[in-house]
Amino acid sequence: MGKPILKKIVLITGATSGIGKASAKIYAKNGYQLIITGRRKERLEELKNKLERKYGVNVHTLCFDVRNRKSVKKKIEGLPEKWKNINILLNNAGLAKGYASLDKGNIDDWETMINTNVLGLLYVTKAVSKIMIKNNGGHIINICSTAGHEVYPNGNVYCASKHAVDAITKSMRLDFYKHGLRISQVSPGHVEETEFAMVRFDGNKEKASIYKDFNPLTSKDVARTVYFISTQPSHVNIQDVLMMGTQQASSNFIDRSGRK
Ligand code: NDP
Ligand code: 8X3
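Here we summarise the structure given alongside this text. Keep in mind the model is a prediction, meaning the values are calculated, not measured. (Residues numbered from 1 in each chain as written. Chains lettered and ligands numbered in written order. Predicted model: local features only at pLDDT ≥ 70, side-chain atom pairs only at ≥ 80, totals over all residues. Heavy atoms only, no water.)

**A short note on the overall build of the protein**
Selection rule: Secondary structure elements are taken from DSSP: a helix is a run of H or I of four residues or more, a strand is a run of E of two residues or more, and numbering for both begins at the N terminus. Restricting the calculation to C-alpha atoms gives the radius of gyration, and the globule rule supplies 2.2 Å times the number of residues raised to the power 0.38. Any two residues whose heavy atoms approach within 4.5 Å at even a single point are treated as in contact. Each accessible area is a Shrake-Rupley result for a 1.4 Å probe, and residues are judged covered by the shown protein chains and nothing else. Positive charge is attributed to Lys and Arg, negative charge to Asp and Glu, and no charge count is given to His or to the chain ends. In this description, the location of a charge corresponds to atom NZ of lysine, CZ of arginine, CG of aspartate or CD of glutamate.
Along its length, the protein carries 8 helices and 9 strands. For a compact globule of 260 residues, the expected C-alpha radius of gyration is about 18 Å, and the protein comes in at 18 Å, within 12% of that figure. Seen along its three principal axes, the alpha-carbon backbone of the protein occupies a region of about 55 × 40 × 35 Å. When contacts within the protein are restricted to residue pairs at least 6 apart in sequence, long-range pairs at least 24 apart make up 72% of them. Put simply, the protein shows about 12900 Å² of open surface, and 54% of that area lies on carbon and sulfur atoms. Each charge class in the protein can be summarised by its mean position, and for the 41 positive and 23 negative side chains these summaries are 7 Å apart.

**Some thoughts on the site of ligand 1**
Heads up, the rule is: Note on terminology: near, applied to a residue and a molecule or strand, indicates that one of the residue's heavy atoms is within 4 Å of it. Polar contacts here mean pairs of N or O atoms no more than 3.5 Å apart (in protein, one a potential hydrogen donor and the other a potential acceptor; neighbouring residues in sequence count only if both atoms are side-chain atoms). Here a cavity means grid points, on a 1 Å grid over the protein atoms only, where a 1.4 Å probe fits yet cannot get out; a pocket means an open set of points with protein on both sides within 12 Å along at least five of seven lines; lining residues are those with an atom within 4 Å of a point. Whether a molecule sits in a cavity or pocket is decided by its atoms, more than half of which must lie within 2 Å of the grid points.
Near ligand 1 there are 30 residues, and of these Thr16, Ser17, Arg39, Tyr158 and Glu195 occur at the shortest range. One of the backbone N or O atoms of Gly14 is found 3.0 Å from an oxygen atom in ligand 1. Taking Asn92, its main chain carries an N or O atom lying 2.8 Å from an oxygen atom of ligand 1. Protein burial of ligand 1: of its 880 Å² of free accessible surface, 97% is covered by the chains. Under a 2 Å grid-point criterion requiring more than half of the atoms, the pocket assigned to ligand 1 is the largest pocket.

**A closer look at the nonpolar core**
Selection criterion: We define the nonpolar core as a collection of buried residues of types Ala, Val, Leu, Ile, Met, Phe, Trp, Tyr and Cys that are connected through side-chain atoms lying within 4.5 Å of one another. With a 1.4 Å probe rolled over the protein chains alone, any residue whose accessible area is under 20% of its type maximum counts as buried; one over 50% counts as exposed, and the rest are partly exposed.
The biggest cluster of nonpolar side chains holds 32 residues, and the ones touching the most others in it are Tyr27 and Leu34. Of all the secondary-structure elements, those providing two or more residues to this core are strand E1 (9-12), helix H1 (18-29), strand E2 (33-38), helix H2 (41-55), strand E4 (88-91), strand E5 (138-143), helix H8 (219-230) and strand E9 (240-243). No other element matches the 6 residues that H1 contributes to this core. Beyond its immediate sequence surroundings of up to four residues, Tyr27 is in contact with Val10, Ile12, Tyr32, Leu34, Ile88, Ile141, Val226, Tyr227 and Ser230. In terms of nonpolar packing, the next biggest core, distinct from the first, is built from 27 residues, Phe64, Val72, Val118 and Leu181 among them.

**Quick notes on the site of ligand 2**
Definition in use: Residue polarity is assigned by list, with Asp, Glu, Lys and Arg as charged and Ala, Val, Leu, Ile, Met, Phe, Trp, Tyr, Cys and Pro as nonpolar; anything else, Gly included, falls into the polar class.
As a matter of local geometry, ligand 2 sits amid Ser145, Ala147, Tyr152, Tyr158, His190, Phe196 and Arg200. Here an oxygen atom of ligand 2 and a side-chain polar atom of Tyr152 are 2.7 Å apart. In the complex, 92% of the free accessible area of ligand 2, which totals 240 Å², lies under the protein chains. Structurally, ligand 2 is housed in the largest pocket. Across the shell around ligand 2, the residue classes break down as 4 nonpolar, 2 polar and 1 charged.

Laid out in structure tokens, this is it:
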């Protein structure tokens, strides 16, 4: 028998690295109970052990691919009774694949982005929102991007997928506010201490070194913002936070004259 669950339960998708992992750490540090998910099982187990040992919280792991709708449904509906009543969902799992103009784009990459960033987020939200509606409350925070508010050259399909996240966040709010759910979104610009660029550029270190000449946000900066949003009084719903490093003015304007 584990410890009785006292604090809110937070489910984080994509907790094996970057923003999701940093968010898991901040919630654990503050005593929340965590359901951490991702495809890399060993990383989930490693993080669970670390957080339980360091912060004395309960951590449950769920290994699934958000693109697999059957698996998403089965894993979330199959949660042990004491883990079922999820209070906070952080829809964070996502990625960019490739950086090319539309005519040269790789269609497999497009499908990966749309299936992960759009359909995956929808599958998880459908399963978790049912629980929250039944409980008359809950908080869903979607990780969007500046790419969900503006576009940049070669960003086409990734930007489209994040514009879809923005539309889904707004739609979720209309569908769920009557049920007492809070729906929020964080839209960061460039964020380091993540695997985002390495994933986008297929492990090509040189192409992925996109942060060396300016100071972007860190995964911790975004995690702190997520935590702030979720710890406001229950009558407050922060709808969207658009955030960038000081040297970034927009997707297309970055002061790359060196780290300041
Ligand atoms: P990381 O690559 O470090 O983390 C991405 C996470 O998503 C990993 O934990 C990964 O886990 C998970 N993930 C990816 N695909 C799947 C899948 N099919 N099923 C389940 N989990 C998946 O990048 P970030 O932390 O930067 O990315 C987190 C979110 O932040 C994304 O939505 C991204 O679009 C967004 N974002 C990132 C920015 C940046 O500059 N870094 C800026 C703005 C937004 P695993 O591989 O184990 O499955
Ligand atoms: C990640 C930020 O500018 O690479 O969403 O699209 S960007």
